[in-house]
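Residue-level listing of the chains:
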Amino acid sequence: MTNVLVCVKRVPDPTGEVVLTPDGLRVDGRFAGYTTSAHEEAAVALAVQLAEPSGGTVTVLSVGSEDSIEQIRSGIAVGATDGILVEADADLLGPADVASAIAEAVQGREAAGTGYDLVLLGNDAADTGDFQVGIRLSYLLDRPVVAGIQTVEVEGDRATLRGEGPEGTEVYEVDLPAVATVLEGGVAPRYPSVMGRMRAKKAEVETVAWSGTASGSGRDALTVPEPPPSEVTVLGEGPSAAPALVAVLRELKVVHG
Amino acid sequence: MSVVVLVEVEEGRASLVSRETLTFARSLGAGDLHAVVVGEAGEAVVADCREMGVVVVHEAVDPALERYAAAAWAAVVEAAGRAARANVVLAPGTGRGMEVLAHVAARRNLRMAANVVAVESLDPLVVQRQVVGGAALERATVDSRVRLMTMAGHAVDPKPADAAGEATVSRLAVAVDPRDLRAQVARVEKREQADTSGLTGARVVVGAGRGAGGPDGFSAVDALATRLGGAVGVSRVVTSLGWRPHHEQVGQTGSRIAPDLYLACGISGSIQHWAGCASSRTIIAVNTDPDAPMVTKADYAVIGDMHEVLPAVLEELG
Ligand SMILES: Cc1cc2nc3c(=O)[nH]c(=O)nc-3n(C[C@H](O)[C@H](O)[C@H](O)COP(=O)(O)OP(=O)(O)OC[C@H]3O[C@@H](n4cnc5c(N)ncnc54)[C@H](O)[C@@H]3O)c2cc1C
Ligand SMILES: Nc1ncnc2c1ncn2[C@@H]1O[C@H](COP(=O)(O)O)[C@@H](O)[C@H]1O
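The rules behind each value
- Residues numbered from 1 in each chain as written.
- Chains lettered and ligands numbered in written order.
- Predicted model: local features only at pLDDT ≥ 70, side-chain atom pairs only at ≥ 80, totals over all residues.
- Heavy atoms only, no water.
- Pairing = 2+ DSSP bridges.
- Helix = DSSP H or I, 4+ residues; strand = E, 2+ residues; numbered from the N terminus.
- Axes fitted to C-alpha atoms, helices over the stretch in contact; angles between N-to-C directions.
- Contact = heavy atoms within 4.5 Å.
- Polar contact = N/O pair within 3.5 Å; in protein donor to acceptor, adjacent residues only side chain to side chain.
- Buried < 20%, exposed > 50% of the residue type's maximum accessible area, 1.4 Å probe, protein only.
- Near = heavy atom within 4 Å.
- Areas by Shrake-Rupley, 256 points an atom, 1.4 Å probe, with all protein chains shown as cover.
- Nonpolar A, V, L, I, M, F, W, Y, C, P; charged D, E, K, R; others polar.

1. Concerning the sheet that holds strand β6 (residues 88-92) of chain B
Then step 1. Reading across from one edge, β13(A)-β9(B)-β8(B)-β7(B)-β10(B)-β6(B)-β1(B)-β4(B)-β5(B)-β11(B) is the order of the 10 strands in this open sheet, with mixed pairing throughout. The sheet terminates laterally at β13 (219-223) of chain A together with β11 (168-171) of chain B, the two strands that pair on one side only. Going from strand to strand, the sheet's axes swing by 30° on average, the running direction of each strand aside.
Then step 2. Summarising the sheet, strand β5 (residues 56-60) of chain B and β11(B) pair through four bridges and their orientation is parallel. The residue bridging Glu59(B) from the neighbouring strand is Arg171(B), located in β11(B).
Then step 3. Sitting on the sheet, helix α4 (residues 95-108) of chain B is in contact with β1 (2-6), β6, β7 (112-122) and β10 (147-151) of chain B, with an inclination near 170° to β10(B).

Here it is in structure tokens:
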């Protein structure tokens, strides 16, 4: 039985145009909407893949405002068991604060009798991209950590984790309990079923507080750099542009025969 | 006062991003420039460091360091920092650079700024760094006893120092703590050749995104890639919808390509996709939307439906 905790962050959808709030301090998600980042979705999918066949549980945790329950429920809709919201204003927290808040929640659950064999996080959050919460967490919990992995298998109290390194796929074998940070790409994303959505609506999300004091992120301001002026040559519209396009291909010498 | 830079070795040389990081570190005016290398610092690496103005190259040699373990590498970086009395430590913003420096930060209870592109002030440390995958810049005050930063790739061009450094090699005395080997690479599985190498090495890549419309929307894309002797590359939407396998993905979390020609069809050109194709020599976009970033950033564009344009191109090619 493998019990997994997955940490997800509510972030403004990073795939579209970035619009800032008038004070220039945050990305305004009201236009693009909010989501969980791609790496964390992969982490949820890996967790469900591990826990389901072993009869284990998957808990989705988020540190943030009440709105973050939406992201927790999205995790439950694709197979997670339950959720924890650590209520805080995530914008006022730095990566060390978030790691501390997660560690406290893990220790709280452990004291109440639920241990996690594996804590999964994203390799980096899609908005702040600090690349460090998982590693900080591992030191707070005194557990080994592997970063940037794409697959996990568990056998007994050992896990085999794989990620891409400079020379090929790197294989780690670690003792559990452990922490790992996930990069997308190793597991097919999961989509919620109707049943899943219903379960998510009803599932229990425990709300807890963090007892620590925030050291903050240090953010002073955000800016969105101007894109360089376009230098595109439009070759034409529709299929009638094909000869012009082929002429460019020939000029670039990428056409043989 | 001095700066230590973690230098990553690639094919026996200081990697490009490491040389960028050394160039940036030199510009900080924070004292002597030191490098730290895990493993023996070969002649070519030392020569690269000398050219970049490095005064001392710290190397750590121990059989326990032969297989990568981030925590053990972090201990080496800490040892180099002590030896150099560094108050600034930099690493390249690669997977390893980020990971190792985050370990140093956690172990020493320091702040770390990832993906820095500029330093406005060293005391206190105020940086500009990339966030939201590079779509925005954050100005942040991230002061710490020792200032830890990773450098965003290609934020500066590597430039040799006006005067070469001494690049004296100094061996660090490191006793690797077994606890730092709890997570160590057990083995490396060589890449499945056919997969990504075909894409990353291709002279021509024909790309397709959501505009392909579905798993059946790739026949003209495949045919054109074959006709041009190239490979197919796709956006993340395409792989996450399961239309094509992940090894064909181009972008921040896919492959980085640098072909002579990238023909991007039905791809909007998000910042995360652009991260993987920006090094293409020539980009041609085929898109129904003349305002799509892929179109405005491309060298050439055809405005139209890829399902009409590509068959016409194939016919024209004969
Ligand atoms: C952490 C993270 C990592 C990411 N990594 C990557 C990555 O590695 N690679 C990647 O690609 N993305 C990545 N993304 C996702 C990225 O932000 C975009 O969502 C994605 O690239 C969009 O794919 P797309 O261009 O195919 O789709 P869309 O953005 O939906 O664009 C489709 C485009 O096709 C055009 N179009 C539609 N129909 C037609 C037609 N018939 N003919 C011609 N044109 C048509 C439209 O005008 C539009 O421009 C990542 C996101 C995150 C958060
Ligand atoms: N507020 C948060 N709540 C829950 N998890 C978080 C939060 N912030 C960061 N994380 C996790 O830590 C990972 C790395 O974040 P970061 O170090 O900030 O780039 C993310 O991918 C999440 O899995």
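2. Looking at the side chain of Ser280(B)
All names here are of chain B.
Then step 1. When you line up the elements, Ser280 lands in the loop between α8 (271-277) and β16 (282-287).
Then step 2. Among the polar contacts listed, one links the side chain of Ser280 to the backbone oxygen of Cys277, at a separation of 2.7 Å.
Then step 3. Setting aside anything within four residues of it in sequence, one finds Ser280 in contact with Ile257, Ala258, Pro259 and Tyr262.

3. Some words on the environment of Ala102(B)
Then step 1. Positionally, Ala102(B) belongs in helix α4.
Then step 2. You can call Ala102(B) buried: its relative accessible area is 0%.
Then step 3. Once the C-alpha coordinates of Ala102(B) and Ala71(B) are considered, the two residues, 31 residues apart in sequence, prove to be 9.4 Å apart.
Then step 4. The contact partners of Ala102(B), leaving out residues within four places of it in the chain, are Phe131(A), Gln132(A), Ile135(A) and Met112(B).

4. Considerations on the site of ligand 2
Residues and elements named next belong to chain A.
Then step 1. The local shell around ligand 2 holds 18 residues, among which Cys7, Glu40, Val63, Gly122 and Ala125 are the closest.
Then step 2. Cys7 is positioned such that a nitrogen or oxygen atom in its backbone is 2.7 Å from an oxygen atom of ligand 2.
Then step 3. The backbone of Asp130 places a nitrogen or oxygen atom 2.9 Å from an oxygen atom of ligand 2.
Then step 4. Look at ligand 2: alone it shows 480 Å² of surface, and the protein chains cover 99% of it.
Then step 5. Residue assignment for the shell around ligand 2 shows that the elements contributing at least two residues are β4 (58-64) and β6 (118-122).
Then step 6. Sort the elements by how many residues they give to the shell around ligand 2 and β4 lands first, with three residues.
Then step 7. A breakdown of the residues in the shell around ligand 2 according to their chemical character gives nine nonpolar, five polar and four charged.

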